[in-house]
Amino acid sequence: MLANKQNKVGSAADLLSTPITRGQNALKAYTKILANPHETRQLRTWKIGEAAAILGCHQQTIRKHEKPDGSGKLGMPEYDQSGHRAYSLERLNFIRRELGLGKSKPEGASAAVVSVTIYKGGVGKTNTTISLAHELALRGYRILLIDLDPQGTLTYKCNFNQTFDFTAEETIKNVLLDDPLLIKDVIRETHWPTVDLIPAHEEMEDTDYSLPDPKKSNTKKLGPAVYRLKLALEFVKQDYDIILCDCGPNQGPMTLNALLASDHLLLPILPDLNTFTSSMTYLNRMKSLFTDVEENIQSINFFINNHNGNKQAVAAEAFLREQFDGIILDSTIPTSEGFITAGNNLSSVYELRGKNKNTAVKNSMNYTKKLCDEIMTYVQHGWENQ
Ligand SMILES: Nc1ncnc2c1ncn2[C@@H]1O[C@H](COP(=O)(O)OP(=O)(O)O)[C@@H](O)[C@H]1O
Ligand SMILES: [Mg+2]
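Residues numbered from 1 in each chain as written. Chains lettered and ligands numbered in written order. Predicted model: local features only at pLDDT ≥ 70, side-chain atom pairs only at ≥ 80, totals over all residues.

What the chain contains, in helices and strands, is 19 helices and eight strands. Computed over the C-alpha atoms, the radius of gyration of the chain is 22 Å, within 12% of the 21 Å expected from 2.2 N^0.38 for a compact globule of 386 residues. Dimensions of the chain, computed from the C-alpha atoms along their principal axes, are close to 75 × 55 × 50 Å. Sequence separation of at least 24 residues holds for 78% of the intrachain contacts in the chain that already meet a minimum separation of 6. (Helix = DSSP H or I, 4+ residues; strand = E, 2+ residues; numbered from the N terminus. Rg over C-alpha atoms; globule rule 2.2 N^0.38 Å. Contact = placed C-beta atoms within 7 Å.)

Okay, here's the thing in structure tokens:
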């Protein structure tokens, strides 16, 4: 039946044209809400209990310095529409500074570059990147996100739409091909005030073909094609604490650029042997790259994502921990409803609210926190050894 239905269509291109038009219209309708990011998606505020938990202090500490008459160190509280104290991310960061709470990057240390990368799609690279970015922002760090995957999922999650908001020239593409200084022009603010983004565009796919071609990329002026991102990041590192690169599911030149610009590599892996085989391919590729060229990697770690708790996943986890002993984090991220909902909302789990989702959302955030704690031990160590 199916084959007959398809045989009626003249060519493969014809076969695709109706679903493409239908899909594009659906996305256009959906992205109407996304078309005007700063008007339509506003970052939430937090209640005083949540603020205290984020800041790692008691509510009383905040109240002591934030008196209704404005006489305390923190001045007047801010309130939401129902008259409760409300804390924006800016306000949390102000309190953090005034009360000397929280860790920060040591004075003079350079931004840490962390790439989330693996030779496989659908394993949680983008979900991990955005979740970590928002967790780190809540901890008071300034973040730059770089979307290196032409599919642009991270870009959508940051509330930007390729069709309306920018062209392929306004991505990392021209930074890598023409001039590293252009990096300052392609950084965009997101609705999280301390999270910036270099977006991706589907038409930046050809960057991977052009980069190694001396006719298409300015090799004479810019030097080896694999070091361009590293070169460009030097111009913006002073503005950030952590730079997170979300790589595409490939081992192409843009990914290699991310690897050689990185201090830390984070490799999501599913608890199954399918992902294990592609991980081995990727490890081999990385090893030969790092043997041939200069790198400054301080840590390489797998972590298991999307663990559904069944027998096969448990067995696969044990197997992976044995094989990757020394390069695998303790944190395992279970399959979690909060991440699924965030995926369906083109957002991060940190932006979801609503009673019915609370437990699932909290669980997903707690998994992210644990993962973040573990990664930050490496980042902190890297900062201290600079
Ligand atoms: N731990 C998890 N639990 C449930 N869903 C997850 C989890 N990690 C990722 N996902 C979902 O799996 C899908 C693929 O994840 P994504 O981060 O886009 O993968 P990648 O970037 O590696 O292609 C997304 O819909 C995401 O929301
Ligand atoms: Mg992705």
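So, about the site of ligand 1. Around ligand 1, 18 residues are found, and the nearest of them are Gly124, Lys125, Thr126, Asn127 and Gly343. Listed by contribution, the elements that provide at least two residues to the shell around ligand 1 are helix H7 (125-138), strand S7 (299-307) and helix H18 (337-344). Among the elements that take part in the shell around ligand 1, H18 stands out by supplying four residues, more than any other. For the shell around ligand 1, the class distribution of residues is six nonpolar, eleven polar and one charged. (Near = placed C-beta within 6 Å. Nonpolar A, V, L, I, M, F, W, Y, C, P; charged D, E, K, R; others polar.)

Moving on, we come to the environment of Gly152. By the secondary structure assignment, Gly152 is in the loop between strand S2 (143-147) and helix H8 (153-157). Counting along the chain gives 105 residues from Gly152 to Asn257, while the straight-line C-alpha distance between them is 18 Å. Each residue touching Gly152, except ones within four places of it in the same chain, is listed here: Asp147, Gln162, Pro199, Ala200, His201 and Glu202.

Glancing now at H18. Every buried residue of H18 is listed here: Gly338, Phe339 and Ala342. Along the long axis of H18, the arc covered by the buried residues comes to 95°, so they all point the same way. Those residues of H18 that are buried lie in contact with H7 and helix H19 (358-384). Remark: Leu346 follows H18 within two positions and exhibits a positive phi of approximately 50°. (Buried ≥ 20, exposed ≤ 12 C-beta atoms within 10 Å, placed from the backbone. Arc of directions from axis to C-beta.)

Turning our attention to the nonpolar core. A general trend in soluble globular proteins is that nonpolar side chains are found buried together. Counting 84 residues, the largest nonpolar core has Ile143, Leu145, Ile242, Ile243 and Leu244 as its most contacted members. Counting the residues that make up this core, at least three belong to each of domain 1 (48-99) and domain 2 (112-384). Not counting residues within four places of it along the chain, the set of residues in contact with Leu244 comprises Val114, Val116, Thr129, Leu132, Ala133, Ile143 and Leu145. Ranked by size, the runner-up nonpolar core spans six residues in total, among them Phe339, Tyr350, Val361 and Met365. (Core = buried A, V, L, I, M, F, W, Y, C linked by C-beta atoms within 7 Å. Domains from an automatic or database assignment.)

Moving on, we get to the packing of H7 against H19. Contact geometry for H7 and H19: axes closest at 10 Å, N-to-C directions at 80°. Taken as axis vectors, H7 and H19 run roughly perpendicular relative to one another. Between H7 and H19, the contacting residues are Ser131, Leu132, Glu135 and Leu136 on the first element and Thr368, Lys369 and Cys372 on the second. (Axes fitted to C-alpha atoms, helices over the stretch in contact; angles between N-to-C directions. Parallel < 35°, antiparallel > 145°, perpendicular 65-115°, else oblique.)

What follows deals with the domain arrangement of the chain. In terms of domain boundaries, the chain breaks down into domain 1 (48-99) and domain 2 (112-384). Between the C-alpha centres of domain 1 and domain 2 there is a distance of 33 Å. Contacts between the two partners involve five residues from domain 1, matched on the other side by six residues from domain 2. No other element matches the four residues that helix H6 (residues 89-99) contributes to the side of domain 1 that touches domain 2. Tallied by class, the residues present in the side of domain 1 that touches domain 2 amount to two nonpolar, one polar and two charged.

A few words now on helix H16 (residues 273-292). Spanning 20 residues, H16 covers 29 Å between terminal C-alpha atoms, matching the ideal 28 Å at 1.5 Å per step. Taken together, the buried positions of H16 are Thr275, Ser279, Tyr282 and Met286. An end-on view of H16 places all buried positions within 70° of arc, on one side of the element. Turned more than 90 degrees away from the buried face of H16, the exposed residues are Thr277, Met280, Thr281, Asn284, Lys287, Ser288, Thr291 and Asp292. Tucked into the core, H16 has its buried residues touching helix H15 (253-261) and strand S6 (264-269). (Expected span 1.5 Å × (residues − 1).)

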